[in-house]
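Spelled out, the chains give:
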Amino acid sequence: MSRAEAVRDAQRAFVGLLEQPLVTSSTNPPLYRLVLRNLQAVTEFARRPGYRIQRIGRAVRLIRVPVAGTVSLPPRPADAPGRRLLALICCLAACCEEVSGTVTLQRLSDMVRDLCATPGVHVTAYDPDDRAQRRQLRAAAEYLDQIGVLRRRTSDDRMLDDWIEGGTGPGAGYEVDRDPLLLMTSADVLALALNPEPADPDTLNAARALRQLRDLLELPAVLYAGRDPEDADLLRRQRGFRATDLAQMTGGTVEARTEGLLLVLTDDERVPATVVDWPRAKAADWVALLMADIAGRDGTRHQDGTVTLTSDQVDEVADDLLRWRGDYMNKLQKTVPGTVRADAEAKLSELGLLTVTGDGGWVLSPVVGRYRDPDVTLTDPAEPAS
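Residues numbered from 1 in each chain as written. Predicted model: local features only at pLDDT ≥ 70, side-chain atom pairs only at ≥ 80, totals over all residues. Heavy atoms only, no water.

Q: Before we move on, can you summarise helix α12 (residues 229-237) with the specific residues and values?
A: Here α12 has its buried residues at Asp231, Ala232, Leu234 and Leu235. Projected down its long axis, α12 shows its buried positions confined to an angular sector of 165°, all on one face. In this structure, α12 carries Pro229, Glu230 and Arg237 as exposed residues pointing more than 90 degrees from its buried face. In this fold, the buried residues of α12 make contact with α11 (208-218), β7 (222-223), α13 (239-250) and β9 (260-264). Looking at where α12 begins, the residue whose side-chain oxygen comes 3.1 Å from the main-chain nitrogen of glutamate 230 is aspartate 228. (Buried < 20%, exposed > 50% of the residue type's maximum accessible area, 1.4 Å probe, protein only. Helix = DSSP H or I, 4+ residues; strand = E, 2+ residues; numbered from the N terminus. Arc of directions from axis to C-beta. Contact = heavy atoms within 4.5 Å. Polar contact = N/O pair within 3.5 Å; in protein donor to acceptor, adjacent residues only side chain to side chain.)

Below, the structure written as structure tokens:
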């Protein structure tokens, strides 16, 4: 293998860990092997933005250690677990620590019930006799299965269906893998994230480069708007250094735009997709696109490029779009009040283009201007997009 190929392999491994921070030999064998082959280089890449690589047995994790009391906050993915499901995942993982070898879902369900009822545990009670809660526990088990903590050993879905629908039988058999279980959380990192130590100005200055790299790796775009003026000015002056660093770590390029910087990763069939496929030919996508365009025109534009609207103004934009393009929307958007706005908010927030304020107002990112004047073509008006 040439030196260039070796470097590209290490970059693929690092980008793969950014997309899937916890990888095991069973959840993603190709990525696991790629990371192990390039562990030294990946560890060096991770060190630059302040990450930590930890390996236990057949599991490797990239850990995001807070930098100078701060963390980057990328948009929440639309498919991220909700609060209740996340609580059940944590409870289920805690119960797995008490398991050695194999266990049934029924047994895990009993253990979660007992754990939630333990004095001092501040989690809403889990009732295994409630079908909806059994479904949530199955979803928690599936999440742990995806990251390798649980490995399902029974393939008969009827057993699982019987347990969920009627509460009968063992549900399904699982094997607990303690290696990824031990890497699920890091007590020191959680403590730093939940109770950050105040950083003095000297510490913050020293960590500026780390925070810039972290933001460029984790955020859809790093905007000058909303940043500390000194931080924004330094980012403008050092964008060449950051571009060089990121090119070495990821193989990608940094685009310098008026509103900020954007890391563009190289298309590569050997690493997971790192670009959001949007907009697609789906009603929610083009509704979000058109809502952003109309809101960008009707809202109040500020000097930093952001556009704000009150909650009432957002409702007016949604009503306007419904009157204009309602014939082409799906059934829910046309018949259920609030669906057009909810679809647009969910999609634009996930993309990092929108922040919804506590009173329901909108703050559109300057990046939305890049989608101005969209040309939405409907090839068959008789068949609205799904």
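The structure having been displayed, the exposition proceeds.
Q: Help me get a handle on the side chain of arginine 8, residues and values and all.
A: Along the chain, arginine 8 turns up in helix α1 (residues 3-19). When its relative accessible area of 18% is taken as the criterion, arginine 8 is described as buried. A polar contact is formed between the side chain of arginine 8 and the backbone oxygen of threonine 250, at a distance of 3.3 Å. Those residues in contact with arginine 8, other than ones at most four positions away along the chain, are Thr250, Gly251, Thr266 and Asp268.

Q: An account of the sheet that holds β7 is requested, with residue identities and associated values reported.
A: Spatial ordering of the open sheet is given by β7-β9-β8, a layout of 3 strands whose pairing is antiparallel. Pairing within the sheet leaves two strands with one partner each, and these edge strands are β7 and β8 (253-257). Here 5 bridges tie β8 to β9, and the two strands are oriented antiparallel to one another. By the bridge assignment, valine 254 is partnered in β9 with leucine 263. (Pairing = 2+ DSSP bridges.)

Q: Summarise the nonpolar core; cite the residues concerned and give the values.
A: Counting 33 residues, the largest nonpolar core has Leu92, Leu108, Val112, Leu144, Leu150 and Met184 as its most contacted members. Going through the elements one at a time, α4 (83-96), α5 (105-116), α6 (131-146), α7 (157-166), β6 (173-176) and α8 (178-183) are the ones with two or more residues in this core. Broken down by element, this core gets its largest block of residues, 7 residues, from α4. Not counting the four nearest positions on each side in its chain, leucine 108 is found in contact with Leu92, Cys96, Val99, Val103 and Leu150. (Core = buried A, V, L, I, M, F, W, Y, C linked by side-chain atoms within 4.5 Å.)

Q: Go over the side chain of serine 72 with me, naming the residues and quoting the values.
A: Structurally, the position occupied by serine 72 is in the loop between β3 (59-64) and α4. Within the structure, serine 72 has its side chain in polar contact with the side chain of aspartate 215 (distance 2.5 Å). Those residues in contact with serine 72 that sit more than four places away from it in its chain are Arg64, Arg214, Asp215, Glu218 and Leu219.

Q: Go over the environment of aspartate 156 with me, naming the residues and quoting the values.
A: Mapped onto the secondary structure, aspartate 156 falls in the loop between β5 (150-152) and α7. Assessed through its relative accessible area of 28%, aspartate 156 is described here as partly exposed. A polar atom in the side chain of aspartate 156 sits 2.9 Å from the backbone nitrogen of arginine 158.

Q: Describe α1, with residues and values.
A: The end-to-end C-alpha separation of α1 is 25 Å, in line with the 24 Å expected for 17 residues at 1.5 Å each. Buried within α1 are the following residues: Arg8, Asp9, Ala10, Gln11, Arg12, Ala13, Phe14, Val15, Gly16 and Leu17. (Expected span 1.5 Å × (residues − 1).)

Q: Please provide a residue-by-residue account of the pairing of β6, values included.
A: Inspection of the sheet shows strand β4 (residues 102-104) paired to β6 by 3 bridges, in the antiparallel sense. Its bridge partner lying in β6, threonine 104 is registered against glycine 173. In this sheet, β6 lies alongside β5 in antiparallel orientation, the contact comprising 3 bridges. Looking at the pairing, leucine 150 lines up with valine 176 of β6.

Q: Give a description of the packing of aromatic side chains that names residues and reports values.
A: This model, assessed by the stated rule, comprises 2 aromatic pairs. When the centroid spacing of 5.1 Å and the interplanar angle of 70° are considered together, the rings of tryptophan 278 and tyrosine 371 count as edge-to-face. With tryptophan 278 in the loop between β9 and α14 (283-298) and tyrosine 371 in the segment after β13 (362-364), this pair connects stretches of sequence that are 93 residues apart. Judged by relative accessible area, tryptophan 278 falls into the buried class, the value being 12%. (Phe/Tyr/Trp six-rings, centres within 6.5 Å; stacked < 30°, edge-to-face > 60°.)

Q: So what's going on with the pattern of salt bridges? Residues and values would help.
A: A complete count under the given rule lists 32 salt bridges for this structure. Aspartate 157 serves as the salt-bridge partner of arginine 152, at 2.8 Å between the closest nitrogen and oxygen. Classification of arginine 152 as partly exposed rests on a relative accessible area of 30%. The partner of aspartate 285 in a salt bridge is lysine 347, and the shortest N-O contact between them spans 3.9 Å. Placement of the pair is aspartate 285 in helix α14 and lysine 347 in helix α17 (residues 339-350), with a sequence separation of 62 residues. Accessibility classification places aspartate 285 together with lysine 347 in one group, the buried group. Salt bridges sharing common partners tie together Arg208, Asp215, Arg227, Glu230 and Asp231. (Salt bridge = Lys/Arg side-chain N within 4 Å of Asp/Glu carboxyl O.)

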